[in-house]
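Breakdown of the fold
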Amino acid sequence: MNDNTGPVTFINVFEMPAEQVDAFVARWRARAHIMGNAPGFLGTKLHRAMSSESRFQVINVARWASREAWEAAQTALREPGAPPSPLDDPAVEVAANPALYEVVADVGEPPDQAD
């Protein structure tokens, strides 16, 4: 297991009806701007399923310089004035499945290009 000093990847897969993805993405973008300015943020990509039948309609993959940087950003998102979470939108029926990951194997693209 990582000693928490190196890069980590935050992956969150979301279950929701396909017709609610656009509303979710709009709210996600507002919060992503806060994350983009956070110390230790390396980048994020939001992926949308190509089929409305997919279980997970949206997948967020974000890279952080360290677990500590990610945790600090999470704290900032809970402060007054932060944009609301896309999970708090009563019009979107969404289930999130978040976790931090470390790379244990790497084949192909360099890490700064990988999704």
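Look above for the structure.
These figures come from a predicted structure and were not determined experimentally.

Digging into the overall build of the chain
Across its full length, the chain carries 2 helices and 4 strands. Taken from the N to the C terminus, the helices and strands of the chain come in the order β-α-β-β-α-β. In terms of C-alpha radius of gyration, the chain reaches 15 Å, essentially the compact-globule figure of 13 Å for 115 residues. For the chain, the spread of C-alpha atoms along the principal axes amounts to about 40 × 35 × 20 Å. Of all 115 residues assigned to the chain, the portion counted as buried reaches 29%. Partitioning the intrachain contacts of the chain with sequence separation of at least 6 by distance along the chain shows that 77% fall at a separation of at least 24. Per element, the accessible surface of the chain, about 7,200 Å² overall, is 54% carbon and sulfur. Charge separation in the chain, taken as the distance between the mean sites of 9 positive and 16 negative side-chain charges, equals 3 Å.

Considerations on the packing of aromatic side chains
Scanning the entire structure with this criterion turns up 3 aromatic pairs. Ring geometry for F41 against W64: centres 5.1 Å apart, planes inclined by 75°, an arrangement best described as edge-to-face. Residue F41 is found in strand 2 (residues 41-48), and its partner W64 is found in strand 3 (residues 58-64); the two are separated by 23 residues along the sequence. The partly exposed category is assigned to F41, whose relative accessible area is 21%.

Describing the nonpolar core
Membership of the largest hydrophobic core is limited to 10 residues, which are V8, F10, M35, A38, A62, W64, A69, W70, A73 and L77. Breaking this core down by element, the ones donating at least two residues are strand 1 (8-15), strand 3 and helix 2 (67-77). With 4 residues, helix 2 is the largest single contributor of residues to this core. If sequence neighbours within four positions are ignored, V8 has contacts with A62, R63, W64, S66, R67, L100 and Y101. Within the second largest apolar cluster, 9 residues are counted, among which are M16, F24, A32 and V92.

Let's talk about the sheet that holds strand 3
Spatially, the 4 strands line up as an open sheet ordered 2-3-1-4, and their pairing is antiparallel. In this open sheet, the two strands that pair with only one neighbour each are strand 2 and strand 4 (95-101). Taken over all neighbouring pairs, the strand axes of this sheet differ in orientation by 15° on average, direction set aside. In this sheet, strand 3 lies alongside strand 2 in antiparallel orientation, the contact comprising 7 bridges. In the strand pairing of strand 3, G43 is matched with R63. In the packing of helix 1 (residues 21-36) onto the sheet, contacts are made with strand 1, strand 2 and strand 3, and the angle to strand 2 comes to roughly 175°. Sitting on the sheet, helix 2 is in contact with strand 1, strand 3 and strand 4, with an inclination near 120° to strand 3.

The rules behind each value
- Residues numbered from 1 in each chain as written.
- Predicted model: local features only at pLDDT ≥ 70, side-chain atom pairs only at ≥ 80, totals over all residues.
- Heavy atoms only, no water.
- Helix = DSSP H or I, 4+ residues; strand = E, 2+ residues; numbered from the N terminus.
- Rg over C-alpha atoms; globule rule 2.2 N^0.38 Å.
- Buried < 20%, exposed > 50% of the residue type's maximum accessible area, 1.4 Å probe, protein only.
- Contact = heavy atoms within 4.5 Å.
- Areas by Shrake-Rupley, 256 points an atom, 1.4 Å probe, with all protein chains shown as cover.
- Lys, Arg positive; Asp, Glu negative; His and termini not counted.
- Charge placed at Lys NZ, Arg CZ, Asp CG, Glu CD.
- Phe/Tyr/Trp six-rings, centres within 6.5 Å; stacked < 30°, edge-to-face > 60°.
- Core = buried A, V, L, I, M, F, W, Y, C linked by side-chain atoms within 4.5 Å.
- Pairing = 2+ DSSP bridges.
- Axes fitted to C-alpha atoms, helices over the stretch in contact; angles between N-to-C directions.

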